[in-house]
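What the coordinates show
The primary structure of each chain is shown beneath.
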Amino acid sequence: MSELLLRGVSKAFGRTPVLSGLDLSVESGTVLAVLGRSGSGKTTLLRLVAGTERVDAGEVLLGGEVVDNGRRFVPPERRRVGYVAQEGALFPHLSVARNVGFGLERAARRQGRVEELLEMVNLLELKDRYPHELSGGQAQRVALARALAPRPRLVLLDEPFSALDATLRASLRGEVVQILRRTAVTTLLVTHDQEEALSVADLVGVMAGGRIRQLARPEELYARPADPAVAAFLGEANLVAGEAAGRLARTTLGELALSGDCPVRAGAVTVLVRPEQLRLSMAGGPGRPGRVVHREYYGHDSIYLVALETTGERVRVREGGPARFEIGAEVAVRAEGEMIAWSKRATLGL
């Protein structure tokens, strides 16, 4: 059964449409990440689910119950939905323990619910501190404990790690998702961080134009995006023009093998070539000649921007291990593996 279901939901602010006929279904216990650029409507989606905004059209159901359809409206405090904002939004005048216990009935506090949650997020020893005495990561864990305190059926996470530095962000999101999985609570995370969405979620929805453009498991979304726009938004992508004939496409990178589930087999196409599908060798090696015009070294891998000699077209290449080529190096580029392609008419707008 779907814990959360949205059908044909639309929302506008004045004359500006934000959501347009959006459909979404989240099964119980699922961690779903909705990925989209700033202004794509992600936060509006959360507010409609939480009940702090009302739909203009369509309906929102929680646990099979209609909570908003333009006629029936269930207020936020009766929806059993936990909410974690970007900055945690803790009450500055309350201790950690009192923040977590805020809104709990006295019986629940007496039964040790607050201590249970603080132990779960590894902050029991800080229960008497105040928000200004916490680090950013600690504050977000307190906010999560507070959201989980009343045993919600759904937890909403609104870019909860965006204010943290990169190292802390990566470690904290892993901790948070482990906690959410232990509690088996259905979770809706909205983010603009592609790495975050792919690494923590059971399902990822790409949001654009007021709708969910594609909803799939992270592996499927990355390997088989619905169109070039989703491909370009989700991870790094080389979108190469070509001409398809059966299982091959002729491109500036040579003949590329198309996957068995490729949606197009003939005519003008756009081929997705991920940077890790390209290989570099010294000039004169197998592949198309080119020159390295830019390099980014990340320790565990390197990204090269290579200008192809024949057309000047630039492609991004990812290689693991230490950097092998300097800027200006003459190289050969070849593609390996199977690619996915779409008709040239496929939209590029996202």
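This text goes with the structure placed above it.
Residues numbered from 1 in each chain as written. Predicted model: local features only at pLDDT ≥ 70, side-chain atom pairs only at ≥ 80, totals over all residues. Heavy atoms only, no water.

1. Concerning the environment of Arg 318
Defined as follows: A run of H or I in DSSP becomes a helix once it reaches four residues, and a run of E becomes a strand once it reaches two; helices and strands are each numbered from the N terminus. Two residues qualify as a contact provided that any one of their heavy atoms is within 4.5 Å of a heavy atom in the partner residue. Polar contacts here mean pairs of N or O atoms no more than 3.5 Å apart (in protein, one a potential hydrogen donor and the other a potential acceptor; neighbouring residues in sequence count only if both atoms are side-chain atoms).
Inspection of the secondary structure assignment puts Arg 318 in strand 18 (residues 314-320). Sequence-wise, Arg 318 and Arg 295 are 23 residues apart; in three dimensions their C-alpha atoms are separated by 9.9 Å. Filtering out sequence-adjacent residues up to four positions away, Arg 318 remains in contact with Glu 236, Pro 275, Glu 276, Leu 278, Asp 301, Ser 302 and Ile 303. A distance of 2.8 Å separates the side chain of Arg 318 from the side chain of Glu 276, its partner in a polar contact. In this structure the side chain of Arg 318 is engaged in a polar contact, spanning 3.5 Å, whose partner is the side chain of Asp 301.

2. Considering the sheet that holds strand 16 (residues 288-297)
Within a sheet, each strand pairs with its neighbour through backbone hydrogen bonds, oriented either parallel or antiparallel. Selection rule: Any two strands with at least two DSSP bridges between them are considered paired. Axis geometry follows a simple rule: fit a line to the C-alpha atoms, using only the stretch in contact for helices, then measure angles between N-to-C directions, giving values from 0 to 180 degrees.
Read from one edge of the open sheet, 5 strands run 15-19-16-17-18, paired in antiparallel fashion. Of all the strands in the sheet, the pair left with one neighbour each is strand 15 (278-282) and strand 18. Taking the axes of each pair of neighbouring strands and ignoring which way they run, one obtains an average angle of 45° across the sheet. Pairing of strand 15 with strand 19 (residues 330-335), which is carried by 5 bridges, proceeds in the antiparallel orientation. Residue pairing in the sheet places Ser 281 in a bridge with Ala 332 of strand 19.

3. A look at the sheet that holds strand 1 (residues 2-13)
Here we have 4 strands laid out as an open sheet, ordered 2-1-4-5, and antiparallel in their pairing. What marks the edges here is a single partner per strand, and that holds for strand 2 (16-27) and strand 5 (65-68). Averaged over all adjacent pairs, the angle separating strand axes in this sheet is 25°, with direction ignored. The pairing of strand 4 (residues 57-62) with strand 5 spans 3 bridges and is antiparallel. Each bridged residue has a counterpart across the sheet, and for Leu 62 the counterpart in strand 5 is Glu 65. Set on the sheet, helix 1 (residues 42-50) makes contact with strand 1, strand 2 and strand 4; between it and strand 1 the angle comes to about 120°.

4. Concerning the layout of surface pockets
So the rule is basically this: Method remark: on a 1 Å grid restricted to protein atoms, a set of points is classed as a cavity if a 1.4 Å probe fits but cannot get out and as a pocket if it is open with protein on both sides within 12 Å along at least five of seven lines; lining residues have an atom within 4 Å of a point. Grid points are joined across faces, edges and corners, and a volume is the space filled by probe spheres set on the points. Polar here means any residue outside two lists: the nonpolar Ala, Val, Leu, Ile, Met, Phe, Trp, Tyr, Cys and Pro, and the charged Asp, Glu, Lys and Arg; Gly therefore counts as polar.
Of the voids in this model, the largest pocket is the one considered here, and its volume is about 590 Å³. Lining the largest pocket are 20 residues, and of these Val 81, Gly 82, Tyr 83, Arg 146 and Pro 150 sit closest to its centre. Among the secondary structure elements, those contributing two or more residues to the lining of the largest pocket are helix 1, strand 6 (81-84) and helix 5 (136-148). Its residues assigned to classes, the lining of the largest pocket shows 12 nonpolar, 3 polar and 5 charged. The volume enclosed by the second largest pocket comes to roughly 400 Å³.

5. Details of the packing of helix 5 against helix 6 (residues 166-183)
Test applied: In this scheme, roughly parallel covers angles under 35 degrees and roughly antiparallel covers those over 145, while 65 to 115 is roughly perpendicular and the rest are oblique. For a crossing to be left-handed, the near helix must be turned anticlockwise from the far one by less than a right angle; the clockwise case is right-handed.
Interhelical geometry of helix 5 versus helix 6 gives an angle of 15° and a closest axis separation of 11 Å. What the angle tells us is that helix 5 and helix 6 run roughly parallel. Of the two elements, helix 5 crosses helix 6, and the hand of that crossing is right-handed. Contacts between helix 5 and helix 6 involve Gly 137, Gln 140, Arg 141, Leu 144 and Leu 148 from the first element and Leu 168, Leu 172, Glu 175, Val 176, Ile 179, Leu 180 and Thr 183 from the second.

6. Quick notes on empty space enclosed by the protein
A full pass over the atoms with the stated rule returns 2 cavities of 30 Å³ or more. Reported here for the largest cavity is a volume of approximately 40 Å³. Looking at the largest cavity, the residues that line it are Val 84, Gln 140, Leu 144, Leu 157, Pro 160, Phe 161 and Val 176. Residue composition of the lining of the largest cavity, grouped by class: 6 nonpolar, 1 polar and no charged. Approximately 30 Å³ is the volume attributed to the second largest cavity. Taken together, Val 31, Leu 157, Phe 161, Val 177, Leu 180, Thr 187, Leu 189 and Val 200 form the lining of the second largest cavity. Those elements that provide at least two residues to the lining of the second largest cavity are helix 6 and strand 8 (186-191).

7. Observations regarding helix 1
Defined as follows: The classification of residues rests on relative accessible area computed with a 1.4 Å probe and restricted to protein chains. Under 20% of the type maximum is buried, over 50% is exposed, and intermediate values are partly exposed.
Among the 9 residues that make up helix 1, 7 are buried, leaving the element largely enclosed by the rest of the structure. For helix 1, every residue scored as buried is listed here: Lys 42, Thr 44, Leu 45, Leu 46, Leu 48, Val 49 and Ala 50. Positive backbone phi, at 100°, marks Gly 51, one or two positions downstream of helix 1.

8. Quick notes on the packing of aromatic side chains
Selection criterion: Each pair of aromatic rings taken from Phe, Tyr and Trp, with Trp reduced to its six-membered ring, is defined by centres within 6.5 Å and is described as stacked if the planes are under 30 degrees apart, edge-to-face if over 60, and tilted in the remaining cases.
Scanning all chains against the criterion turns up 2 aromatic pairs. Judged by centre distance (4.5 Å) and plane angle (55°), the ring pair of Phe 91 and Phe 102 falls under tilted. Highlighted residues: Phe 91 in the loop between strand 6 and helix 2 (96-101) and Phe 102 in the loop between helix 2 and helix 3 (106-110), separated in sequence by 11 residues. Taken together, a centroid distance of 6.0 Å and an interplanar angle of 75° make the contact between Tyr 304 and Phe 325 edge-to-face. Of this pair, Tyr 304 sits in strand 17 (residues 301-308) while Phe 325 sits in the loop between strand 18 and strand 19, and the two are 21 residues apart along the sequence. What makes Phe 325 buried here is its relative accessible area of 3%.

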